[in-house]
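Architecture and fold: a report
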Amino acid sequence: MEVISFCYTEPCFRVGCLNMKVVAKSLNSRRSKHLLLSRKARVVCSVSDSRWDSFRFINDSGNFNDAKVENILDQGEPSGSFGSLEGFQHTTFNSDSLSESYDDYVVGVKGNLRDVSRERDGSITKVLIPGLPHDSDGDSGSPISSCFWEWKPKLTVHYEKSGTGNVNSPPLLFLPGFGVGSFHYEKQLKDLGREYRVWALDFLGQGMSLPTEDPAPLVKGEGASEEQDLMWGFGEQSEPWANELVYSIDLWRDQVHHFIEEVIGEPVYIVGNSLGGFVALYFSACNPQLVKGVTLLNATPFWGFLPNPIRSPRVARIFPWAGTFPLPVNVRKLIAFVWQKISDPRSIAEVLKQVYADHSTKVDSVFSRIVETTEHPAAAASFASIMFAPKAQLSFEEALSRCQMNDIPICLMYGKEDPWVKPIWGFQVKRKVPEAPYYEISPAGHCPHDEVPEVVNYLLRGWIRTLESQGSVALPLLDDPESAEYGVSRELAFVREGSQKEVRVHFFGSKSSIWNRISSDIKSHIMELGNTVR
């Protein structure tokens, strides 16, 4: 298959370099080799000022393009933009088992913070970590390119990339949650792209990977209203290219597979949030040769309701419709009603308010991009296909077991205040894979990579550094072998414009148990109560 990419590139700025050693050596040399691709990719790039206009994805008025979500959320003054990294100096510690600690850095940051990496506050150790790149310091981070890749006829995938010039660094691929897209990883692309090659993908049927043609058009003269004409997929017969098309988790697994082979061209570190976490784990279980490691960010432990036709063919035949095009008549009415409710900007704002623990987090861009997606004429039918698509061939637990059998490194990062995927789900994964580092972040909700990107980026850098050095560098926040077994709590401090922010991170070691977690929570509440009383 010929690969065609159309790229949109943001303005380029001078990027400051981190004084950070990147060891380009994998734990498994078999996985670190470039894939021998049977098909060469042809890349065509063009510059555009708009992500949407050329495909006419939004209405001419563009009502919500400049909407400000804080007016709807009523969440007060946003916290502002991020502080910058001024210095990044490495120190070492004495240990029989670890020669180097990722944690031991002295970071110089503008503001009132002292230039020290740690200080004691009761039983909690504070660690000063880098902030994000910021325009005010002349460092906008790594420039981001927005591209389109034609996977199959009429199935065009949107993705964003950054840091592609870092040819000797490991590649990272980010997979988004349900209802969002690659734009949700802007803070990772700009920051991590300064050291790594980074890609973020839009799943087919979501974000900007929605179809550019109607998969099941209405026949002219059917007497359809103008409103119905704006909703694709509501006709009586599907187009040839959309036959048997279902926006399922199996489709996304295959999409990721071909994307890595044809666009990236070598094994990757794969990171997934929510639905993206499920897909990341499922894909890794099926394609271990393409994966260097998996990071789960509040990964959903289940997806889909209908039986998988390959795994349970007899049971699957009981259900007359499983997400294909066109939508059945009775489903169209239901979806039209439901879609009107959930695509309302007020409903979108309310969902964002639920999933972000800190309501001062600025989510204007995320809000406007989600609204733009809902305005696409294929959005409602795509939503229906996703909701009625069958389950994956493997359950989350089965995928996890396969990854463990194939020795795929796994890292867990969960926002403690997530109202949907509670941290207990992450701890259940930890119980089944005790060697996996598990970082519980607070305060943080369902999307810690967007809410506290400084923390997630810091932990992700450290985990990759540990794997690339074959364990000679300690995991983030660990400075002794006992911590790696039983766990430790840290407070990570970083600077955002106009404020200093602190986030508590608890690392659960290989010998942590559910009782350790409960005990940790009780101690945490007691300390908070004591601080309040004082």
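Small disclaimer: the values here were computed from a predicted structure and weren't measured.

1. Observations regarding the overall build of the chain
Counting its secondary structure elements, the chain contains 17 helices and 18 strands. For the chain, the proportion of its 534 residues judged to be buried stands at 56%. The long-range fraction of contacts in the chain, counting pairs at least 24 apart against all pairs at least 6 apart in sequence, stands at 76%. By element, 52% of the accessible surface of the chain is carried by carbon and sulfur atoms, the whole surface being about 23,800 Å².

2. Digging into helix α13 (residues 423–432)
Of all the residues in α13, the buried ones are Pro-423, Gly-426, Phe-427, Val-429 and Lys-430. Along the axis of α13, the buried positions cluster into a sector of 155°, meaning they face one direction only.

3. Some points on unusual backbone geometry
Geometrically, the link from Phe-325 to Pro-326 is a cis peptide bond, its omega value of 0° lying close to zero. Note that Pro-326 resides in the loop between α7 (313–316) and α8 (329–342). Going from Ser-442 to Pro-443, the amide bond is cis rather than trans, its omega being 0°. Following the sequence through the fold, Pro-443 ends up in the loop between β15 (438–442) and α14 (448–451). The backbone of Leu-477 shows a phi angle near 80°, a positive value even though the residue is not glycine. With respect to the element layout, Leu-477 can be found in the loop between β16 (473–474) and α16 (481–486).

4. Re the confidence of the model for the chain
The share of residues in the chain with pLDDT of 70 or more is 71%, and the mean pLDDT across the chain is 79. Ignoring residues within four places in sequence, the model shows residues 103–122, a span with pLDDT below 50, making 60 contacts including any to other chains.

5. Overview of the packing of helix α5 (residues 249–264) against helix α6 (residues 275–286)
Packing of α5 against α6 leaves a shortest axis separation of 9 Å and a crossing angle of 65°. Classified by the angle between their axes, α5 and α6 sit roughly perpendicular to one another. The crossing of α5 and α6 is right-handed. Contacts between α5 and α6 involve Ile-249, Asp-250, Trp-252, Arg-253, Val-256, His-257 and Ile-260 on the former and, on the latter, Leu-275, Phe-278, Val-279, Tyr-282, Phe-283 and Cys-286. For the contact of α5 with α6, the class distribution of residues is 10 nonpolar, 1 polar and 2 charged.

6. Looking at the packing of aromatic side chains
Across all of its chains, the model carries 19 aromatic pairs by this definition. With a centroid separation of 5.7 Å and an interplanar angle of 55°, the aromatic rings of Phe-178 and Trp-303 are classed as tilted. Here the residue Phe-178 occupies a position in the loop between β10 (171–175) and α3 (186–192), and Trp-303 occupies one in the loop between β13 (291–297) and α7, the gap between them amounting to 125 residues. Among the aromatic residues, ring-to-ring pairing joins Trp-149, Trp-151, Tyr-159 and Phe-259 into one connected group. Its guanidinium or amino end placed over the ring of Trp-151, Lys-152 lies 4.5 Å from that ring's centre, counting from NZ or CZ.

7. A look at the environment of Gly-426
In this structure, Gly-426 sits in helix α13. Sequence separation between Gly-426 and Lys-416 is 10 residues; the distance between their C-alpha atoms is 9.9 Å. Those residues in contact with Gly-426 that sit more than four places away from it in its chain are Leu-412, Tyr-414 and Tyr-438.

8. Observations regarding the pairing of strand β14 (residues 410–415)
Each regular strand carries side chains that alternate between the two faces of the sheet. Of all 6 residues that make up β14, 6 are buried, and the element is covered over most of its length. Residues of β14 alternate between two faces, with Ile-410, Leu-412 and Tyr-414 on one and Cys-411, Met-413 and Gly-415 on the opposite face, all of them buried. Both β13 and β14 contribute to a ladder of 4 bridges, which runs parallel. Within the sheet, the bridge partner assigned to Leu-296 lies in β14 and is Leu-412. Examined bridge by bridge, β14 and β15 share 4 bridges and lie parallel to one another. Bridged to Gly-415 within β15 is Ile-441.

Conventions we followed
Residues take numbers from 1 onward in each chain, read along the sequence in its written order. With the structure being a predicted model, the display of local features is reserved for residues of pLDDT at least 70 and the display and counting of side-chain atom pairs for 80 or more, all residues being used for whole-chain, interface and lining totals. Excluding hydrogens and water, the side-chain values take into account all heavy atoms of the structure. Numbering of helices and strands runs from the N terminus; a helix is a DSSP stretch of H or I covering at least four residues, while a strand is a stretch of E covering at least two. Between buried and exposed lies partly exposed: a residue is buried under 20% and exposed over 50% of the maximum accessible area for its type, with that area taken using a 1.4 Å probe on protein chains only. Residue contacts are counted whenever heavy atoms from the two residues lie within 4.5 Å of one another. Accessible surface area values rest on a Shrake-Rupley calculation with a 1.4 Å probe, where residue burial reflects the displayed protein chains alone. This arc is taken over the directions from the axis of the helix to the C-beta atoms. What pLDDT reports is the predictor's confidence in each residue, on a scale of 0 through 100. Geometry is summarised by axes, namely lines fitted to C-alpha atoms with helices restricted to the contacting stretch, and by angles between N-to-C directions that run from 0 to 180 degrees. Orientation labels follow simple angle bins: below 35 degrees gives roughly parallel, above 145 gives roughly antiparallel, 65 to 115 gives roughly perpendicular, and whatever is left gives oblique. For any pair of crossing helices, the crossing counts as left-handed if the nearer helix is rotated counterclockwise from the farther one by less than a right angle, and right-handed if it is rotated clockwise. The nonpolar class holds Ala, Val, Leu, Ile, Met, Phe, Trp, Tyr, Cys and Pro. Asp, Glu, Lys and Arg form the charged class, and all remaining residues, Gly among them, are polar. Centre distance within 6.5 Å is the pairing criterion for rings of Phe, Tyr and Trp, where only the six-membered ring of Trp is used; planes under 30 degrees apart are then read as stacked, over 60 as edge-to-face, and the remainder as tilted. In our convention, an over-ring charge means Lys NZ or Arg CZ found within 6 Å of a ring centre and within 35 degrees of that ring's normal. By the convention used here, strands pair only if DSSP detects at least 2 bridges between them.

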